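Per-entry structural report
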Amino acid sequence: MTGMVTSTSLFSPIVEGLIPYVPGEQPRIDGLVKLNTNENPYPPSPNVVAAITSAAMDGLQLYPDPESRALRRTVAAHHGLDISQVFVGNGSDEVLAHAFFTFFQHGTPLLMPDVTYSFYRVYCGLYGIPFEVVPLAVDLGIRVGAFEPYLQRDVAGIVIANPNAPTGIGLPITEIEKLVQMLPHRVVLVDEAYVDFGGQTAMGLVAKYSNLLVVHTLSKSRSLAGLRIGFACGQTPLIEALDRVKNSFNSYPLDRLAIAGGVAAFEDQDYFEKCCAAIVHTREGMVLQLEERGFEVLPSQANFVFARHPAQDAGRLAKGLRERAVLVRHFELPRIDQYLRISVGTPAQCDALIHALDDMLSIL
Ligand SMILES: *Cc1c(COP(=O)(O)O)cnc(C)c1O
């Protein structure tokens, strides 16, 4: 035997205890009504498909622009920022992963709400970042004041989703600004994956606060979950730090097709607005129909609703819906295990959901 053996495992020690994120299932079953992963029910703009097709015929043998400048320029213009204030990645999950690595490894706890996007805990596990959870109020809303007592000690930063996932509840921009002001020497990350469905964006605060990072995705409101594009906006030093990490990991996170498709998605503003408006309209109808059937529905600013039935077990409802070819998401987690998260689909998909519920509730 050569060399000194310190462990008998083939794996790095951190992998032994790693608990990965579990995405909503993606079964390929004909006729299935998929309301479980918050995808957009509408296809992307036809211009996106045209741009991807054209990019596919032009230069796939060459690496893409490592800096994705065309896309960053487009995103920057859209949000009134400079290109140096925009970072792009292979889905916002990758952007979040780089942000956690870049900003939150201080050996002190990262603060996040007790109910939020469960990937945040996974990144903490991956990078060994300790975290503390700040409880939501009884109405399942985030209270900025609830973070205050946790700031008596040094913390690594704050991460929130706004609107929050999976509650769909949004905070007004004035509250986000208070949060950013409460922790000036650490990064406050606001994940706005669902903001285009009625939330208030913090993009306008980027110019004012050096510690704010706002993360967006093209997966939800721009119908591009299959293309994998996300981005972060913040002041230039934050973006430069993210770039250093990204360039130590993967020089080309966005391929040529993604860059071309992403640019085209932003250029078709009219299509984007119409899709978002349709989803918000369908959501409002869906909320009423669920309430008529006795559901309590949290006020949603997202492309999903979070609802519970006071007399029916959520796990049984999810199972019954599945038997009727309707998929929704049920989290077996503290505080929310009696809720269903239901993505807003097309009007026809929402009708299918309501019919399946009526069928079940009539026999339960
Ligand atoms: C969907 C979602 C993401 C991930 O988006 P991708 O760009 O598809 O990786 C990030 N944060 C929240 C809160 C989400 O719901």
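Procedures and definitions
Residues numbered from 1 in each chain as written. Predicted model: local features only at pLDDT ≥ 70, side-chain atom pairs only at ≥ 80, totals over all residues. Heavy atoms only, no water. Helix = DSSP H or I, 4+ residues; strand = E, 2+ residues; numbered from the N terminus. Buried < 20%, exposed > 50% of the residue type's maximum accessible area, 1.4 Å probe, protein only. Near = heavy atom within 4 Å. Polar contact = N/O pair within 3.5 Å; in protein donor to acceptor, adjacent residues only side chain to side chain. Areas by Shrake-Rupley, 256 points an atom, 1.4 Å probe, with all protein chains shown as cover. Nonpolar A, V, L, I, M, F, W, Y, C, P; charged D, E, K, R; others polar. Domains from an automatic or database assignment. Contact = heavy atoms within 4.5 Å. Buried area = accessible area lost by both parts, 1.4 Å probe. Salt bridge = Lys/Arg side-chain N within 4 Å of Asp/Glu carboxyl O. Core = buried A, V, L, I, M, F, W, Y, C linked by side-chain atoms within 4.5 Å. Arc of directions from axis to C-beta. Pairing = 2+ DSSP bridges. Axes fitted to C-alpha atoms, helices over the stretch in contact; angles between N-to-C directions.

1. Here we look at the environment of Gly285
Tracing the backbone shows Gly285 in helix 9 (residues 269-292). Take Gly285: its relative accessible area is 30%, and that puts it in the partly exposed class. Measuring from C-alpha to C-alpha, the distance between Gly285 and Lys34 comes to 18 Å, with 251 residues separating the pair along the chain.

2. Looking at the site of the ligand
The environment of the ligand is made up of Gly91, Ser92, Asp93, Leu96, Tyr117, Asp191, Ala193, Tyr194, Thr217, Ser219, Lys220 and Arg228. Between the ligand and Ser92 there is a distance of 2.6 Å, counted from an oxygen atom to a backbone nitrogen or oxygen. In this structure, an oxygen atom belonging to the ligand sits 2.9 Å away from a side-chain N or O atom of Lys220. With the chains in place, 93% of the 390 Å² that the ligand exposes on its own is no longer accessible. Tallied by class, the residues present in the shell around the ligand amount to four nonpolar, four polar and four charged.

3. Brief notes about unusual backbone geometry
What is expected of a backbone is that most residues other than glycine have negative phi and most peptide bonds are trans. In this structure, Pro163 follows Asn162 across a cis peptide bond, with omega equal to -5°. Inspection of the secondary structure assignment puts Pro163 in the loop between strand 5 (157-161) and helix 6 (173-182). For the peptide bond that leads from Ala165 to Pro166, omega is 5°, which places it in the cis range. Inspection of the secondary structure puts Pro166 in the loop between strand 5 and helix 6. Phi is positive for Ser68, close to 45°, though the residue is something other than glycine. Relative to the assigned elements, Ser68 resides in the loop between helix 2 (46-56) and helix 3 (69-79). The class for Ser68 is buried, based on a relative accessible area of 2%. Backbone geometry at Arg335 places phi at a positive 75°, although glycine is not the residue there. If you trace the backbone, Arg335 turns up in the loop between strand 11 (326-327) and strand 12 (340-343).

4. Considerations on the domain arrangement of the chain
Here the domain parsing of the chain yields domain 1 (24-43 + 270-361) and domain 2 (46-267). Taken together, the contact pairs 26 residues of domain 1 with 28 residues of domain 2. With both chains or domains summed, domain 1 and domain 2 bury close to 2,000 Å², and 62% of this area falls on carbon and sulfur atoms. It is Phe272, Gln301 and Arg335 that lose the most area in domain 1 upon contact with domain 2, and together they represent 35% of the buried surface on that side. Across the contact surface, domain 1 and domain 2 share one salt bridge. Between Asp114 and Arg335 there is a salt bridge, with the nearest N and O atoms lying 2.9 Å from each other. Scanning the region where domain 1 abuts domain 2 turns up nine residue pairs in polar contact (both at pLDDT 80 or more). At the level of secondary structure, the elements contributing two or more residues to the side of domain 1 that touches domain 2 comprise helix 9 and strand 10 (304-308). Per-element accounting of the side of domain 1 that touches domain 2 gives the leading share, six residues, to helix 9.

5. Some points on the pattern of salt bridges
Summed over all chains, the structure comprises 16 salt bridges. In this structure, the salt-bridge partner of Asp358 is Arg293, at a minimum N-O distance of 2.6 Å. Placement of Asp358 in helix 11 (residues 347-363) and of Arg293 in the loop between helix 9 and strand 9 (296-297) is noted, with a sequence separation of 65 residues between them. By sharing partners, the salt bridges in this structure join Glu292, Arg293 and Asp358 into a single network.

6. Let's talk about the nonpolar core
Of all hydrophobic cores here, the largest spans 54 residues; its most connected members are Ile160, Leu212 and Phe231. Examining the composition of this core, we find that seven residues originate from one element, helix 8 (residues 256-267), more than from any other. Here this core gathers at least three residues from each of two domains, domain 1 (24-43 + 270-361) and domain 2 (46-267). Apart from residues lying up to four places away in sequence, Leu212 is in contact with Val180, Val188, Val190, Ala202, Leu205, Val206, Cys233, Gly234 and Leu238. The next biggest cluster of nonpolar side chains, apart from the first, holds 33 residues, and it includes Ala193, Ile279, Val328 and Leu340.

7. Side note on helix 2
For helix 2, the complete set of buried residues consists of Val48, Ala51 and Ala55. Summarising the axial view, the buried residues of helix 2 lie within an arc of 65°, below the 170-degree limit, and thus occupy one face. Tucked into the core, helix 2 has its buried residues touching helix 8. Of the residues flanking the start of helix 2, the one acting as N-cap is Ser45, its side-chain oxygen 3.0 Å from the backbone nitrogen of Asn47.

8. Re the sheet that holds strand 3 (residues 110-113)
Strand order in the open sheet formed by seven strands is 2-8-7-6-5-3-4, with mixed pairing between adjacent strands. Single-partner strands in this sheet number two, and they are strand 2 (86-89) and strand 4 (131-134). When strand polarity is set aside, the average angle formed by the axes of neighbouring strands in this sheet is 20°. In this structure, strand 2 lies alongside strand 8 (residues 230-233), joined through four bridges in antiparallel fashion. By the bridge assignment for strand 8, Val86 is matched with Cys233. Of the strands in this sheet, strand 2, strand 7 (212-217) and strand 8 touch helix 3, which is tilted by about 130° from strand 2.

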